[in-house]
Amino acid sequence: MKRVKPRPLVASQLVKSTPRQAGGGRSRAALVSRSRESISQGSKSFAVASLLFDKATRERAHLLYAWCRRCDDIVDGQDHGFRNGGDVLNLSEANAQDRVEAVRVLTHRALDGQPTADIAFDALGLVAAETGITREMCDDVIDGFALDAKGWRPRTEGDLMRYCYHVAGAVGVMMAKVMGVPADAQDTLDRACDLGLAFQLNNIARDISDDEVAGRCYLPTEWLAEFDIPPGEVMRPQYRDSLVKLTRRLVKMAQLHDARARIGAGRLKFRQRWAVLSAANIYGAIGEEVVQQAELAWDHRIYTSFPEKIGYVFSALKETISGSWEPTKEPNWDRGQLLVMARMDGPVAGVPNTPIRDESVRRKDD
């Protein structure tokens, strides 16, 4: 008996795949406009610094920021960093790991030139097509969200720095691509990573109280044990003096990475260098203020006022013209080490709260 080939439900001529289009088919103007709105709501510091970029770089920086902000909001169920009762993707009842997977799927779809029904992911697709941002770069950032979704906490300084790489150092590398740094300029990409690490270390120092309220702690448990601070009790008054010492350590680490980042900034075009140094000054001031306020640093949220931001912009202009000082001391961690750690089996692929252990990855001062 002759087998009858099943017929398709529609004529085969009408079955077509979705054409690849950077930005999901949305107009570039619309994506840029919505991304500009996102940064104006989500980060006043970065918004000010980005004004110094040339038009093309500024637009691309806004497109990238919109994706970073949206990913963070989806995973945490927020809207531009503030708690939100619902979600466009209807994920309010899903657990955090489901949200991370949704972010990854949408990101990969955007990078493949497919529409995502979310303007921030379409913005990523556009800026990636224009600058050469890769799937691996994006996955490095998403892996940081995966760590948070698993309730992971760093045990060692290396764990802390690996986390900082995922959530900020990798973004620094993507920003370097936005500014036109070629893939073979590895040392400049390393310096961009340093700037992201510096930003995140300063943010961690500032946000210790807020993180505790959210059930998170990014201070390594080995550090807490060193100062006899029980996990989950970092904000108790009796540990405030010890906490001040720990945050000084964080800010000192940030300053070392900041100093290396400024060397890389010297290789950028004038306006890009000015913008990067302005951002470095603004975020660096946050860490310095945490140190200055000592035990009072977490009684209110530390921020820089608009007049202060303008002052840091003018200071950056002077440094843009005169050049940056060569750092006198190297930090303990660099992008090469952190990339090795990021590629190893760990909390993302394995069990939460498992520290990274490998004798081939060691601190420089060991």
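Residues numbered from 1 in each chain as written. Predicted model: local features only at pLDDT ≥ 70, side-chain atom pairs only at ≥ 80, totals over all residues. Heavy atoms only, no water.

Here we come to the overall build of the chain. Counting its secondary structure elements, the chain contains 14 helices and two strands. For the chain, with 366 residues in total, the buried portion stands at 54%. Here the analysis covers contacts within the chain between residues at least 6 apart in sequence; of these, 73% occur between residues at least 24 apart. (Helix = DSSP H or I, 4+ residues; strand = E, 2+ residues; numbered from the N terminus. Buried < 20%, exposed > 50% of the residue type's maximum accessible area, 1.4 Å probe, protein only. Contact = heavy atoms within 4.5 Å.)

Put simply, helix H8 (residues 186–206) and helix H11 (residues 240–265) touch, their axes get as near as 7 Å, and they point 155° apart. Taken together, the axes of H8 and H11 are roughly antiparallel relative to one another. Note on packing geometry: the crossing formed by H8 with H11 is left-handed. Contacts from Thr188, Arg191, Asp194, Leu195, Leu197, Ala198, Leu201, Asn202, Ile204 and Ala205 in H8 reach Thr247, Leu250, Val251, Met253, Ala254, His257, Asp258, Arg260, Ala261 and Gly264 in H11. (Axes fitted to C-alpha atoms, helices over the stretch in contact; angles between N-to-C directions. Parallel < 35°, antiparallel > 145°, perpendicular 65-115°, else oblique. Left-handed = near helix turned anticlockwise from the far one by under 90°.)

Glancing now at the packing of aromatic side chains. Aromatic ring pairs are reported here in terms of the distance separating the ring centres and the angle at which the planes meet. Applying the stated criterion across every chain, the model contains four aromatic pairs. Summarising the aromatic geometry, the rings of Tyr163 and Tyr218 are spaced 4.7 Å apart at their centres and angled 20° between planes, so their arrangement reads as stacked. Taken together, the positions of Tyr163 in helix H7 (residues 157–178) and Tyr218 in the loop between helix H9 (208–213) and helix H10 (221–226) put the pair 55 residues apart, joining distant regions of the chain. Among the aromatic residues, ring-to-ring pairing joins Trp152, Tyr163 and Tyr218 into one connected group. The ring of Trp223 has Arg249 lying over it, and the distance from NZ or CZ to the ring centre is 4.8 Å. (Phe/Tyr/Trp six-rings, centres within 6.5 Å; stacked < 30°, edge-to-face > 60°. Lys NZ or Arg CZ within 6 Å of the ring centre and 35° of its normal.)

For the rest of this paragraph, the subject is the confidence of the model for the chain. In the predicted model, the chain carries a mean pLDDT of 84, and 83% of its residues have values of at least 70. The model gives residues 7–16 a pLDDT under 50, and that stretch makes one contact with residues more than four places away or in other chains. (pLDDT = per-residue confidence, 0-100.)

With 101 residues, the main nonpolar core has Leu64, Trp67, Ile133, Leu160, Met174 and Leu219 as its most contacted residues. Among the elements that make up this core, the one with the highest residue count is H7 (12 residues). Those residues in contact with Trp67 that sit more than four places away from it in its chain are Thr107, Ala120, Phe121, Leu124, Cys138, Val141, Ile142 and Met174. (Core = buried A, V, L, I, M, F, W, Y, C linked by side-chain atoms within 4.5 Å.)

In this section: the side chain of Ser242. By secondary structure assignment, the location of Ser242 is in helix H11. Here Ser242 is in contact with Phe227 and Ile229, once residues within four sequence places are set aside.

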